[in-house]
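Structure at a glance
The primary structure of each chain is shown beneath.
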Amino acid sequence: MSTLPPNTQGDLMRAAPVNMAVAQPPKSKAAPKQTNNANQKAKTQMHRRSRTGCYTCRLRRKKCDEGTPMCTACKHLGLVCEYKRPMWWSNNDARRQHKDDIKMIIKRKKLSEKASHTIQTSVSSPPGLSHSLPTSATFSDPLDRTRSASIDSQFAFNFNSPPTVAEYGAYNPHILPSHADFMFNMSPYEIDVKTERQMFVNDVPTLRESTVSTFSTFHTPPPPGTVLPSYPMDGEWTEQVYQERRESLAEETLNCNFFDFAHGLSTNTRQVDVELEENDQRLLDHFIQFVLPTIFPILETNQHGSVSSNFILPNLQNNKGYLHCCLMIAAQHYKATMNVQGDEVDNDIMRHRHATIVALCEALNKDEDHHQILEATLGLIFFQSCVGRYGDSLPDIPWHQHFQAVNSLVTKLDLPRLVSDSTEQLTQTPFNMTLTAWIDILGATMQGKAPAFAHTYREKHLSVTNPFLGLRELMGCDDHVMYLISEIACLEALKKEGMDDITLCQHVHALGDQIGLTEAHDSGPKMPFNVNGSLSPKQLSKNITSAFRLAARIYLCSLVPGFSPSQASCVGLVDKLTTVLHLIPSGPGGFDRSLTWVYLVGGSVSLNDSSFRQFFNDRLAQLGDAANIGSFGGIVSLLNEVWHEADNSQPSPSANGTTEAPYISWRDVMQMRGWDYLLI
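Here's what I pulled together on the structure shown here.

Basis of the calculations
- Residues numbered from 1 in each chain as written.
- Predicted model: local features only at pLDDT ≥ 70, side-chain atom pairs only at ≥ 80, totals over all residues.
- Heavy atoms only, no water.
- Helix = DSSP H or I, 4+ residues; strand = E, 2+ residues; numbered from the N terminus.
- Buried < 20%, exposed > 50% of the residue type's maximum accessible area, 1.4 Å probe, protein only.
- Contact = heavy atoms within 4.5 Å.
- Areas by Shrake-Rupley, 256 points an atom, 1.4 Å probe, with all protein chains shown as cover.
- Lys, Arg positive; Asp, Glu negative; His and termini not counted.
- Salt bridge = Lys/Arg side-chain N within 4 Å of Asp/Glu carboxyl O.
- Polar contact = N/O pair within 3.5 Å; in protein donor to acceptor, adjacent residues only side chain to side chain.
- Expected span 1.5 Å × (residues − 1).
- Axes fitted to C-alpha atoms, helices over the stretch in contact; angles between N-to-C directions.
- Parallel < 35°, antiparallel > 145°, perpendicular 65-115°, else oblique.
- Left-handed = near helix turned anticlockwise from the far one by under 90°.
- Nonpolar A, V, L, I, M, F, W, Y, C, P; charged D, E, K, R; others polar.
- Disulfide = S-S within 2.5 Å.
- 1 Å grid on protein atoms, 1.4 Å probe; cavity = no way out; pocket = protein on both sides within 12 Å on 5 of 7 lines; lining within 4 Å.
- Points joined across faces, edges and corners; volume = space filled by probe spheres on them.
- Core = buried A, V, L, I, M, F, W, Y, C linked by side-chain atoms within 4.5 Å.

Tallying secondary structure elements over the chain gives 26 helices and six strands in all. Within the chain, the proportion of its 680 residues that are buried is 39%. For the chain, restricting intrachain contacts to residue pairs at least 6 apart in sequence, the fraction spanning at least 24 positions comes to 68%. Looking at the chain as shown, the accessible area adds up to about 39400 Å², and 55% of this sits on carbon and sulfur atoms.

This brings us to the side chain of D440. Tracing the chain through its elements places D440 in helix α16 (residues 431-447). K449 provides the closest opposite charge to the buried, salt-bridge-free D440, at an N-O distance of 10 Å. In this structure the side chain of D440 is engaged in a polar contact, spanning 2.8 Å, whose partner is the side chain of Y457. Apart from the residues within four sequence positions on either side, D440 is in contact with F403, P451, A452, F453 and Y457.

This part is about unusual backbone geometry. For the peptide bond that leads from T68 to P69, omega is 0°, which places it in the cis range. Mapped onto the secondary structure, P69 falls in the loop between α3 (55-60) and α4 (72-77). Positive phi is not limited to glycine here, since E66 has a value of about 60°. Secondary-structure assignment places E66 in the loop between α3 and α4. Residue classification places E66 among the partly exposed residues on the basis of a relative accessible area of 32%.

Attention now goes to helix α25 (residues 630-647). Between the first and last C-alpha of α25 there are 26 Å, a value that for 18 residues agrees with the 26 Å anticipated at 1.5 Å per step. Those residues of α25 not exposed but buried are G630, S631, F632, G633, G634, I635, V636, L638, L639, V642 and W643. For α25, the secondary structure elements touched by its buried residues are α23 (596-603), α24 (611-623) and α26 (666-673).

This paragraph deals with the packing of helix α22 (residues 568-581) against α23. Contact pair α22 / α23: the axes reach a minimum separation of 10 Å and the direction vectors enclose 150°. Relative to α23, α22 is oriented roughly antiparallel. Crossing handedness for the pair α22 and α23: left-handed. Contacts from V574, L577 and L581 in α22 reach V598, Y599 and G602 in α23. Class assignment of the residues belonging to the contact of α22 with α23 gives a composition of five nonpolar, one polar and no charged.

Take the state of the cysteines next. Tallying each qualifying case throughout the model produces zero disulfides. Here C74 stays free of any disulfide, with the sulfur of C71 as its closest cysteine sulfur at 3.4 Å. C326 takes part in no disulfide bond, and the closest cysteine sulfur to it belongs to C325, at a distance of 5.3 Å. A relative accessible area of 1% places C326 in the buried class.

This part covers empty space enclosed by the protein. Under the criterion given, the structure shown has one cavity of 30 Å³ or more. Considered as a void within the structure, the largest cavity measures approximately 40 Å³ in volume. Every residue lining the largest cavity is listed: F311, Y322, E375, L378, G379, F383, N432 and L435. Counting residues per element, the ones that place at least two in the lining of the largest cavity are α13 (370-382) and α16. Broken down by element, the lining of the largest cavity gets its largest block of residues, three residues, from α13. Tallied by class, the residues present in the lining of the largest cavity amount to five nonpolar, two polar and one charged.

Moving on to the pattern of salt bridges. Evaluated as defined, the whole model comprises 18 salt bridges. Across the pair E473 and R472 runs a salt bridge, and its minimum N-O distance is 3.5 Å. E645 is the salt-bridge partner of R673, the closest N and O atoms lying 3.8 Å from each other. Separated by 28 residues along the polypeptide, R673 in helix α26 and E645 in helix α25 bring together distant segments of the chain.

Let's shift gears to the nonpolar core. F287, F382, W438, F548, L581 and F616 are the most contacted members of the largest nonpolar core, which has 124 residues in total. Among the nonpolar cores identified, the runner-up in size contains 16 residues, and Y55, C74, W88 and I106 belong to it.

Okay, here's the thing in structure tokens:
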């Protein structure tokens, strides 16, 4: 270790020419001064930092050569070279995560280079093009080919002469015992073989599969030379492993190309090229990072990123009204999740809400871009049901007034005829029509009216060639169950118009039979996970369909005159619904928030001692703060009001002489409280 003081660097620099005087000719006396000037200049240039390098190099604190379209460092390491300010730059956590991802990519790159280098150095290169015989000097292997055998080795081998058969005597199979001798002479054993497979998308781990197979020698093995039967064999473990693997491979995903998003080319990245002010840029980053993954969770499980890349992100760049709508939703979500109170966030909400309405009115006056107007209006309705707190006092237009505009736009675009006409032969279903149908059907149950496009759903339900509208792919519930919910809403509207009880009961019985037909080929709900632990989108859809089917039965039974939640049929339906809901993943990453309507219908008729209420409280605890946001937060407040009214009401006498709990309609409670929410 050097003992020189820290301030001797300049002396060492001046002493360098003197030490080299023996090997070099003498230099002029001005050389040390020139050397010092050059060093100071280089030192000054070394500390000059460029502000125009790519953000990846700036995050790594590396020098960027600013090459286009990719700098040399990013191109060599296979990183994403971004010269425009990325969304993760303004968030410390996202920046730290991105930096860790880059380190992992670099680590894999170095490991792969090291492995390839090891393979190249371990395999001898071919001999040179010469007429002489190959020698050790002909090979690039640094090992000495004329070395002698190790003194610890009991075998001598000449590396400079071709091997003979005698030199392999130690490995002669006639000398050592055969594999059969080892198998029959060893004690029985078992081996568990675990096979794992990991899928990476843009260096991000996504799907992970793991299978375990057991090999056992406890059973008497067949004699040597026996021809083994083809797989699967007649063994319990082999049949079990084969069956599990077959089920895993036979996992039927939902159609990834079902929807037509009515846009041009999709974007492959989550970066949006939109010029915004700094405050609005923060809102956009918040929307993409926190709001976007929660909007269509069912669709995301089967088509990871398709909604973002094919629908939402292109709209942000091409649709002004849609952009302001998403910025408004981001401000609402930020206010709700961060518990921010103040004029600044409220001004952001109202400013973008006003800008959205102005943009829509301008487009309507021009009578053009009807698809963009429809998408922005649907965003005002559906996104509002995903974020925000329903106790917010900021003025807003009711959802059903927005839906009147949706009704006009859908009719103007002739979407109902396109999806129901068998002669059209659509290869993809318009996404806007599917989202409109979901809002239309469940929104009609909120108002006690018939859906606006009930005739279209009825035609789709009876269609043989093309009965699907994409509701299962979008929200998880089978299309036919949703069509029947539309029919129940129509029946309720007829009941309000004065349908007699006999005719009403006949229609209830007929619709009940139709609901039963939808579960004819259903194997029943079960845990929605494959044998390798991954989520099964198909089984998840079956469980969600079962939950909606039971909720539809409860909704249908509530139309019968004299209905009471304490009736045995209703209690049994609520218990079955609770059992099915247990099989749907919970928590912030679960799917409870996609079952808002199911929880509303089933919870409104649950009794005080019902297991549903305890189950519902457990799900609220698992959701945490997310339970107070969006439509789910609305049904939490609504169910508490309904339960308070029902538990404090006196039982009424029934026709058979017993007492029954009164039915408190959740819609009546909403009207008494003045709530006009869309709880879907």
